[in-house]
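Read off the chains here:
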Amino acid sequence: MTLKFLKALSFVLSALLIGTAALPLLEFEFPKYFPKTTYEFANNPLAEDKIELGRRLFYDPVLSRDSTVSCASCHSPFNAFAHVDHDLSHGIDDRIGTRNAPALFNLAWQRSFMWDGAVNHLDMQALAPISHRDEMDFSLVEVIHRLERHPQYPGMFQKAWGDTAITGERVLKSLSQFQLTLVSCNSKFDSVMRGESKFSTQESNGLVLFESHCSACHPAPLFSTYGFANNGLPTDSTLRDMGRMSITKKSEDSLLFKIPSLRNLTYTFPYMHDGRFANLRQVINHYATGIRPSATLAVQLQTPIVLNSDDKVDLFAFLLTLSDRHFVFDAKHGFPRNAY
Amino acid sequence: MRVGFLKNAVLALVLAFSGREIVMGQSVDYELEFKAWWGEDKLQLKHAYHHQGQTLQLDRFLFYLSGLDLLRRGEVVASIPESRHLFDFEDTTTHHWKFSLPKPIKFDAIRFHLGIDSLTQVSGAYGGVLDPTSGMYWAWQSGFINVKIEGESTLCSTRQNKFKFHLGGYFAPFNTLQVLEFESKRGKLPTIFVDLRRYFSALDLMTTNEVMSPSKTSVSLARQVKNSFFVRP
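Residue numbering note: each chain is counted from 1, following its sequence as written. Chain letters and ligand numbers both follow the written order, the letters beginning at A and the numbers at 1. Since the coordinates come from a predicted model, pLDDT governs what is reported: local features require at least 70, and pairs of side-chain atoms require 80 or more to be given and counted, while whole-chain, interface and lining totals use all residues.

S.K.: Is there a simple way to explain the overall build of chain A in this structure?
M.R.: Looking only at helices and strands, chain A has 14 helices and two strands in total. Two things to know: the radius of gyration comes from C-alpha atoms, and the globule rule equals 2.2 Å times the number of residues to the power 0.38. Relative to the compact-globule value of 20 Å for 340 residues, chain A shows a C-alpha radius of gyration of 22 Å, a close match. A principal-axis box enclosing the C-alpha atoms of chain A has dimensions of 70 × 50 × 40 Å. Any residue surrounded by 20 or more other C-beta atoms within 10 Å of its C-beta is treated as buried, while 12 or fewer makes it exposed and the intermediate range makes it partly exposed; C-beta atoms here are placed from the backbone. When each of the 340 residues of chain A is scored for burial, the buried share is 43%. Throughout, a pair of residues is in contact if the C-beta atoms placed from their backbones lie within 7 Å. Contacts in chain A between residues at least 24 apart in sequence constitute 69% of all its contacts with a sequence separation of at least 6. Strands here mean DSSP runs of E at least two residues long; helices mean DSSP runs of H or I at least four residues long; both are numbered from the N terminus.

Here you go:
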C-alpha cells in the first residue's frame, strides 16, 4: 500500500518537476528483419505531439525567408520525399542548387546526411536547407522569431515540450521526430519477407542478379550500406562536384557520394547526386556499359557487369518490388490538413 | 499517519531528484574567471590597435569551453558532468564559468577543453549554450565553431578589410580541440587570461584572414589561440 502510494506520488512529483516526462512516449516501430537503429532515441524520445509539431514545420513555408519554400517543396511525400522534375534542387527565388534532393525515409538507420556526408546527425540536417542561399535563405534565429509571433506555434510548442519556449534545439528535434516516423517497410519485397506473398519468376531472376551485382552497396533490407562510393559517373564539368572529398579533404574520398537506398526507386527519379539520369533504364545502362574508371572507383565496379536485355528486364522487375505505395500515400506522413 | 505521509513525500522528492545528484547543504559553487587582453591592456572591441604598422580592430571574440576536470597530483579527482561554457567577450556575464561540486574536494590543477569534444559534436541537437542559435554551429557542414574571432585590419585586402576566423573541425586530421591545464594553488581557482595580441602576432594577416572551415590552417590557428591563454604567477 505504502509502496504504491509512494510510486504514485513520485510519478506525480516527477511529472510536475520535469514537465514533459508525463507526456506519452511512443515506441519506435519497425520490422523485425530491419537492423538496430543508429538514431539515439533516448536523447529525443518520440511523442505524438512532437511528431505532429515536426510534421507541421516540415510542411510549412514559414521556414524560408519569403515564406514560399517548405521542406516538402523538395521532399514531396508523393515522391517518397524526393523531388521530381528537377535534376538539381529548386529553391527560393527560382534558384537552382548543385545537387539532386534525396528521398527521405528510414532515416533512423543513417549515420550521415547529404550526398557528401557533410551533416553528421539527423537533428542538425535541417540547418543546412534553412540557411542555404539557394534553398530557404533564412536562419534558425529568424525562424524562431517568426514562430514566436505565430498564432499557433507557441501553443503547439507548449503542448509538445511542456512550455511555450521555442528554441533551436526544440525546432530541430521536432523536425527529427517527424522525419524519423518516415519508415518505408511495406513494399512487395517486405510482404515477401513477412511471408505474405511471393516473387514472380521474373522478380526471382532479378533478385539473383541483384544479389550478385548490386547488393554489396545496396544490401537488403535497407538497400544501402549508407556508406560512400564512387560509382563510376563521369564528372560533370559544370559542377565539378568532388563529393565526400570536399568534407574530408582526403584524395581517397574523391568522387565518393553517399549510397542511396534503392527502396521507392520508381518514385524518386531523376537519379544520382546530380540527377543526370531521368529513368531507371539509363541507370541500369550506366552500370552495364557506362562505368568510368578512376583511382577511387568502387572495387565492385572494377569488373564490368554483364547484363543482356533479358537480365535488364528481370533486374528491373525486382527493383519494382521495392516500391512502397503504402508509404508514399500514407496520410499520416502527408500534409497536415487538419491544422488549417 | 501525518508523519508517515510527510516521510513518504520527502522520499518521493528524493526519488524525483535522484538523477540530479543534488546533495543538500554540502555542494560548493565555483566561478572560473576569464579576462581577455590585448598585450598589457584589457581588450576593447571596436578599438583601433596598432599592429605590424597597420590598424587592427576586433568586432567579436567568442569561444567554447568544455570537459572541465579537477586534478590532484596529476590525477583527475572530479569531472564536472556536461560542463560547457560559451565565452562571449561582449557579454560580461559569460566571463565567469560557473560550476558546482556536490561536496568540497581538494585539487591543485584544473583542465578543460578549448572547444567542444567530438562525442558531443556527433550527438545531435543540444539546448543552452550549445543551441545552434548561439551562432557557433555551422549549417553547411556539421560541427561547432570552437573559436570565433572577427574584426577589421588594414593588413587585409579583403572586402572592407575584414578578417574572420571561425575555427572548428572535430575529426582527424582537422581536429581543432585544444586542452588547457592550469595550476590551482591551494584549491583557489586562478584567473585565466587570454591575450589576443599573442594570437595575431603569430600569424600573417595579409595572407591568412578568412578561415571558416576545418583545415590544416584552422588546426594551427586553434593551437595559437590555446597559446594565448595564460595565468599570472
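S.K.: Before we go on, may I ask you to explain the overall build of chain B in this structure?
M.R.: Looking only at helices and strands, chain B features four helices and 14 strands. In chain B, buried positions account for 31% of the 233 residues.

S.K.: I keep staring at the domain arrangement of chain A and nothing clicks. Help me out?
M.R.: Residue and element names in this part refer to chain A. Domain extents, as shown, originate in an automatic or database domain assignment. Here chain A is partitioned into domain 1 (39-183) and domain 2 (188-326). Each of domain 1 and domain 2 was reduced to a C-alpha centroid, and the two centroids are 27 Å apart. Listed per partner, the contact involves 22 residues of domain 1 and 24 residues of domain 2. Lys, Arg, Asp and Glu make up the charged group, whereas Ala, Val, Leu, Ile, Met, Phe, Trp, Tyr, Cys and Pro make up the nonpolar group; the residues left over, Gly among them, are polar. Partitioning the side of domain 1 that touches domain 2 into residue classes produces ten nonpolar, eight polar and four charged.

S.K.: How should the nonpolar core be read in this particular structure?
M.R.: Most often, soluble globular proteins keep nonpolar side chains buried together rather than apart. Ranked by size, the top nonpolar core spans 49 residues in total, and within it Leu63, Ile130, Val143, Phe157, Val171 and Leu175 of chain A carry the most contacts. Elements supplying a minimum of two residues to this core: helix H2 (48-58), helix H4 (122-125), helix H5 (127-131), helix H6 (140-149), helix H7 (153-161), helix H8 (168-180) and strand E1 (228-229) of chain A. Two domains share this core, each providing at least three of its residues, namely domain 1 (39-183) and domain 2 (188-326) of chain A. For Phe157 of chain A, the contacting residues outside a window of four places in its chain are Leu53, Thr164, Ala165, Ile166 and Arg170 of chain A. Buried Ala, Val, Leu, Ile, Met, Phe, Trp, Tyr and Cys residues form a nonpolar core when they are connected through C-beta atoms within 7 Å. By size, the runner-up hydrophobic cluster in this structure holds 41 residues, among which are Leu65, Phe89, Ile192 and Leu221 of chain B.

S.K.: Sorry, what's going on with the environment of Val313 of chain A here?
M.R.: All names here are of chain A. Assignment of secondary structure puts Val313 in helix H13 (residues 309-320). Given 14 C-beta atoms within 10 Å, Val313 falls into the partly exposed group. Along the chain, Val313 and Phe78 lie 235 residues apart, while their C-alpha atoms are 25 Å from each other.

S.K.: Looking at this structure, how should I read helix H4 (residues 216-226) of chain B?
M.R.: Along H4 of chain B, the residues classified as buried are Ser218, Leu221, Ala222 and Val225 of chain B. Projected down its long axis, H4 of chain B carries its buried residues within an arc of 105°, all on one side. This arc is taken over the directions from the axis of the helix to the C-beta atoms.

S.K.: Just checking my understanding: could you explain the confidence of the model for chain B for this structure?
M.R.: If pLDDT is low for a region, its predicted coordinates should not be looked at in detail. Residues and elements named next belong to chain B. pLDDT gives the predictor's per-residue confidence on a scale running from 0 to 100. Averaged over chain B, the pLDDT score is 89; the fraction of residues at 70 or greater is 89%. pLDDT under 50 marks residues 1-23. Its contacts with residues more than four places away, or in other chains, come to 20 contacts. Per the prediction output, this complex has pTM 0.88; the corresponding ipTM is 0.84.

S.K.: I tried to follow unusual backbone geometry on my own but got confused; where do I start?
M.R.: In most cases, non-glycine residues show a negative phi, while peptide bonds are predominantly trans. Residues and elements named next belong to chain A. Cis geometry marks the peptide bond from Ala220 to Pro221; its omega dihedral reads 5°. Position of Pro221 among the secondary structure elements: in the loop between helix H10 (201-213) and E1. Positive phi, normally seen in glycine, also occurs at Asn106, with a value near 50°. Secondary-structure assignment places Asn106 in the loop between helix H3 (71-74) and H4. Accessibility expressed as a C-beta count within 10 Å gives 24 for Asn106, which makes it buried. Even without being glycine, Lys249 reaches a positive phi, approximately 60°.

S.K.: Can you help me understand H7 of chain A in this one?
M.R.: Residues and elements named next belong to chain A. Buried within H7 are the following residues: Tyr153, Met156, Phe157, Ala160 and Trp161. Looking down the long axis of H7, one finds its buried residues gathered within 105° of arc, a one-sided arrangement. Those residues of H7 that are buried lie in contact with H2, H6 and H8. Immediately downstream of H7, the backbone of Gly162 shows phi near 95°, a positive value.

S.K.: Explain the packing of H10 of chain A against H13 of chain A here, please?
M.R.: For any two helices packed against each other, one specifies the crossing angle of their axes together with the interaxial distance. All names here are of chain A. The angle between two axes is taken between their N-to-C directions and runs from 0 to 180 degrees, where each axis is a line fitted to C-alpha atoms and a helix contributes only its stretch in contact. Packing of H10 against H13 leaves a shortest axis separation of 7 Å and a crossing angle of 100°. The orientation of H10 relative to H13 falls into the category roughly perpendicular. Here Gln202, Glu203, Asn205, Gly206, Leu207, Leu209 and Phe210 of H10 come into contact with H13, specifically with Asp311, Asp314, Leu315, Phe316, Ala317 and Phe318. For the contact of H10 with H13, a count of residues per class yields seven nonpolar, three polar and three charged. When an angle is under 35 degrees it counts as roughly parallel; over 145 it counts as roughly antiparallel; between 65 and 115 it counts as roughly perpendicular; any other value is oblique.

S.K.: Just to check I follow, could you spell out the environment of Asp204 of chain B for this structure?
M.R.: Residues and elements named next belong to chain B. Along the polypeptide, Asp204 turns up in the loop between helix H3 (196-201) and strand E13 (210-211). Here Asp204 falls in the exposed class, since 10 other C-beta atoms lie within 10 Å of it. Taking C-alpha positions, Asp204 is 15 Å from Gln57, a pair spaced 147 residues apart along the chain.

S.K.: I'm lost on the environment of Lys42 of chain B in this one. Help?
M.R.: Position of Lys42 of chain B among the secondary structure elements: in strand E2 (residues 41-42). Between the C-alpha atom of Lys42 of chain B and that of Gly74 of chain B, which follows or precedes it by 32 residues, the distance is 32 Å.

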